[in-house]
Number of protein chains: 2
Amino acid sequence: MNSSNNNVKPIGVFDSGLGGLSVLKELAQRFPNENFIYLGDTARLPYGSKSVDTIQKYAEQNIEFLLKKEAKVIVVACNSASSAFLTKNKKDYGLPIINVIEPASQSAINTSQTNNIGVLGTRATIQQKAYNRVIGLLAPQYKIHSVACPLFVPFIEEGLIDDPIMNLIIHRYIYPLLKTNIDTLILGCTHYPLIKDYIQKVAGKYIQLIDSAPAVADILQHKMAVKAVTPNIKNNKQNIELFITDINSRFEEVATRFLKPVTYSNITATQL
Amino acid sequence: MNSSNNNVKPIGVFDSGLGGLSVLKELAQRFPNENFIYLGDTARLPYGSKSVDTIQKYAEQNIEFLLKKEAKVIVVACNSASSAFLTKNKKDYGLPIINVIEPASQSAINTSQTNNIGVLGTRATIQQKAYNRVIGLLAPQYKIHSVACPLFVPFIEEGLIDDPIMNLIIHRYIYPLLKTNIDTLILGCTHYPLIKDYIQKVAGKYIQLIDSAPAVADILQHKMAVKAVTPNIKNNKQNIELFITDINSRFEEVATRFLKPVTYSNITATQL
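Analysis parameters
Residues numbered from 1 in each chain as written. Chains lettered and ligands numbered in written order. Predicted model: local features only at pLDDT ≥ 70, side-chain atom pairs only at ≥ 80, totals over all residues. Heavy atoms only, no water. Helix = DSSP H or I, 4+ residues; strand = E, 2+ residues; numbered from the N terminus. Rg over C-alpha atoms; globule rule 2.2 N^0.38 Å. Buried < 20%, exposed > 50% of the residue type's maximum accessible area, 1.4 Å probe, protein only. Areas by Shrake-Rupley, 256 points an atom, 1.4 Å probe, with all protein chains shown as cover. Lys, Arg positive; Asp, Glu negative; His and termini not counted. Charge placed at Lys NZ, Arg CZ, Asp CG, Glu CD. Contact = heavy atoms within 4.5 Å. Buried area = accessible area lost by both parts, 1.4 Å probe. Salt bridge = Lys/Arg side-chain N within 4 Å of Asp/Glu carboxyl O. Phe/Tyr/Trp six-rings, centres within 6.5 Å; stacked < 30°, edge-to-face > 60°. Lys NZ or Arg CZ within 6 Å of the ring centre and 35° of its normal. Domains from an automatic or database assignment. Polar contact = N/O pair within 3.5 Å; in protein donor to acceptor, adjacent residues only side chain to side chain. Expected span 1.5 Å × (residues − 1). Bend = angle between axes of the 7 residues up to and from the residue. Pairing = 2+ DSSP bridges. Axes fitted to C-alpha atoms, helices over the stretch in contact; angles between N-to-C directions. Parallel < 35°, antiparallel > 145°, perpendicular 65-115°, else oblique. Nonpolar A, V, L, I, M, F, W, Y, C, P; charged D, E, K, R; others polar.

Draft legend 1. The arrangement of the overall build of chain A in detail. When you go through chain A residue by residue, the secondary structure sums to 11 helices and 10 strands. Scaling as 2.2 N^0.38, a compact globule of 272 residues should have a C-alpha radius of gyration of about 19 Å, and chain A matches this with 18 Å. Evaluated residue by residue, chain A yields a buried proportion of 59% over its 272 residues. Counting every atom, chain A has about 11,300 Å² of accessible surface; 51% of that belongs to carbon and sulfur. A distance of 4 Å separates the average location of the 28 positive side-chain charges in chain A from that of its 22 negative side-chain charges.

Listed below in structure tokens is the structure:
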């Protein structure tokens, strides 16, 4: 069976788990004529606490899977994998691969007036200093203030979002940043947009939050405009297929929460 | 190179990550003449949020690894894997395989006077109702009160043990149990002994906590007494080898915290 309708080649998106669905949601809304294949590597999540070599190996297997599904472009919708990719990858897969770190970095540079940018991320993303390296290349005069937030993902996956204990965790991570001169704060993990409002409340209204999803959509739009990615002109029904490497009973609930109001066509369990 | 000194066959122990080191520590102290091989599947941890089929597949790969290292007995030092194993496994590996659930269940039955036993565990362990099934077979008159505690492991792995936010999480999980008639509470995850004192404080002194490690050591002692496992009589230097599927920078710190005062001989990264 062909993985997309109308014989349209899909846009491939992958993440360690479900966080990348926040990017898929943005892309599906921005590009209603496109079909999507999403791979969540739930059997091996999370990536954020693992080593760069292991994350890189998993990312390559995910890309191979999406290539077999005839993706015309691949979005690495996971900061830990993007970070490992920027650190390690030299392979040319013969199609555009878009990571989440470069678009978010550019967006933060465009936003900051104080030249001080904050970054929230997993341990892997923060330790690999991917944002420091990218921003350092694009605009070396900017100062970066990073905080590893390893407990955000477990709380979000538990659905503990509007919760007093989550609020304490947000305070603990954000407070050290408030002593700096940042006016721009990158949500450096695709899970974090789900707690954006609560982070904003603690950070205060003078700090602009940067979500990578719209920035990724901008890059993709640009790639279509310059024909690096062939856009699909017409689509009677947008097809969104989710593949996950481990199905557990809470998957549909969490996927629905991430994607809302976008709905997926079907979910399939797969092995890599 | 032989994996053990003196040509002594080692005792194999595995876990999804580092929690099983709390069992290894107990066994290493109880059996000073024995050598140990420990496998932590850190590249795919945690198991507790994954499906029974995936956990079972990972457990089988871990056992194959320990068999190649000539283990004479294998301890499944992970409740999620033990639970999947009790649910699914029918394979005979030709050597004794000890899980953590049966020994802890027996110990709880021996302890409880009210016939009401509490169980704290990961989502996987609680959903599979392994303790209910084992205790139901051994002593059907006992009532089981279970609570899934998915946030304990992330906090413990972060080292946030003596921490006010961790204390709030403990209160949230334990409080519903205090309305029941339990006098015995099983720590149904090998990470939990690290927060035993804090759980005890919230549960109160009339509730007896059951740690699976001493119960597993008792079973192993029994198996040696009846010659189901050949004990080693003399050992000049106990050899404890750790193998992990993903090395990250925090591994040695966390391993040392779990094993103290036991020390390991060496750590090796391996692929399954």
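Draft legend 2. Geometry of the interface of chain B and chain A. Every contact between the two is made by 32 residues of chain B and, on the other side, 32 residues of chain A. When chain B packs against chain A, close to 2,400 Å² is buried across both sides, 51% of that on carbon and sulfur atoms. Three residues stand out in chain B for area buried against chain A, namely B:Leu151, B:Ile165 and B:Arg172, and they jointly supply 21% of the buried area on that side. Inspection of the region where chain B meets chain A yields four salt bridges.

Draft legend 3. Focus on the pattern of salt bridges. Per the counting criterion, the structure on display carries 16 salt bridges over all chains. A salt bridge links A:Glu34 to A:Lys72, with the shortest nitrogen-to-oxygen separation between them at 2.7 Å. Of this pair, A:Glu34 sits in the loop between helix H1 (21–30) and strand S2 (36–40) while A:Lys72 is found in the loop between helix H2 (52–68) and strand S3 (73–76), placing the two residues 38 residues apart along the sequence. Side by side, A:Glu34 and A:Lys72 carry an identical accessibility label, which is buried. In this structure, the salt-bridge partner of B:Glu158 is A:Arg123, at a minimum N-O distance of 2.4 Å. With B:Glu158 in the loop between helix H7 (152–157) and helix H8 (164–178) and A:Arg123 in helix H5 (residues 123–127), this pair bridges two chains.

Draft legend 4. Quick look at the packing of aromatic side chains. Residue and element names in this part refer to chain A. Following the criterion strictly, the structure yields nine aromatic pairs over all chains and no others. With 5.3 Å between their ring centres and 65° between their planes, Phe65 and Phe243 make a pair best called edge-to-face. Of the two residues, Phe65 sits in helix H2 while Phe243 sits in strand S9 (residues 240–244), which places them 178 residues apart along the sequence. One exposure class covers both Phe65 and Phe243, and it is buried. The structure contains a cluster of three or more aromatic residues connected by ring pairs, namely Phe152, Tyr173 and Tyr192. Positioned over the ring face of Tyr58 is Arg44, at 3.8 Å from the centre of the ring.

Draft legend 5. Representation of the domain arrangement of chain A in the model. Residue and element names in this part refer to chain A. Each assigned domain of chain A is listed here: domain 1 (5–99 + 214–269) and domain 2 (101–212). Averaged C-alpha coordinates put domain 1 and domain 2 at centres separated by 22 Å. Counting residues at the interface gives 30 residues for domain 1 and 26 residues for domain 2. Summing the contributions of domain 1 and of domain 2, the shared interface buries around 2,000 Å²; its carbon and sulfur component is 54%. Applying the counting rule to domain 1 against domain 2 returns zero salt bridges. Across the contact surface, domain 1 and domain 2 share 16 residue pairs in polar contact (both at pLDDT 80 or more). Mapped onto the side of domain 1 that touches domain 2, the elements with two or more residues apiece are H1, H2, helix H3 (79–88), helix H10 (212–225) and helix H11 (251–259).

Draft legend 6. Quick look at H8(B). Residue and element names in this part refer to chain B. Here H8 spans 20 Å end to end across 15 residues, near enough to the 21 Å set by a 1.5 Å rise per residue. Along H8, the sharpest change in direction is near 30° and occurs at Arg172; proline Pro176 comes one to four residues later. Looking at H8, one finds that the buried residues are Ile165, Met166, Ile169, Ile170, Tyr173, Ile174 and Leu177. Capping of H8 at its N-terminal end is provided by Asp163; its side-chain oxygen lies 2.8 Å from the backbone amide nitrogen of Ile165.

Draft legend 7. Geometry of the sheet that holds strand S1 (residues 11–15) of chain B. Residues and elements named next belong to chain B. Reading across from one edge, S4-S3-S1-S2-S9-S10 is the order of the six strands in this open sheet, with parallel pairing throughout. Looking along the sheet, the strands with just one partner apiece sit at the ends: strand S4 (97–99) and strand S10 (266–269). Strand-to-strand twist in this sheet, taken as the mean axis angle between neighbours without regard to direction, amounts to 20°. Summarising the sheet, strand S2 (residues 36–40) and strand S9 (residues 240–244) pair through five bridges and their orientation is parallel. Its bridge partner being in S9, Gly40 is matched across the sheet by Ile244. Its contacts with the sheet put helix H1 (residues 21–30) on S1, S2, strand S3 (73–76) and S9, and the angle it makes with S2 is roughly 175°.

Draft legend 8. Summary view of the packing of helix H4 (residues 101–111) of chain A against H10(A). Residue and element names in this part refer to chain A. At a minimum axis distance of 8 Å, the contact between H4 and H10 shows a crossing angle of 105°. By the angle between their directions, the pair H4 and H10 is classed as roughly perpendicular. The residues of H10 that touch H4, namely those facing Pro103, Ala104 and Ser107, are Ser212, Ala215, Val216 and Ile219. Of the residues contributing to the contact of H4 with H10, the split by class is five nonpolar, two polar and no charged.

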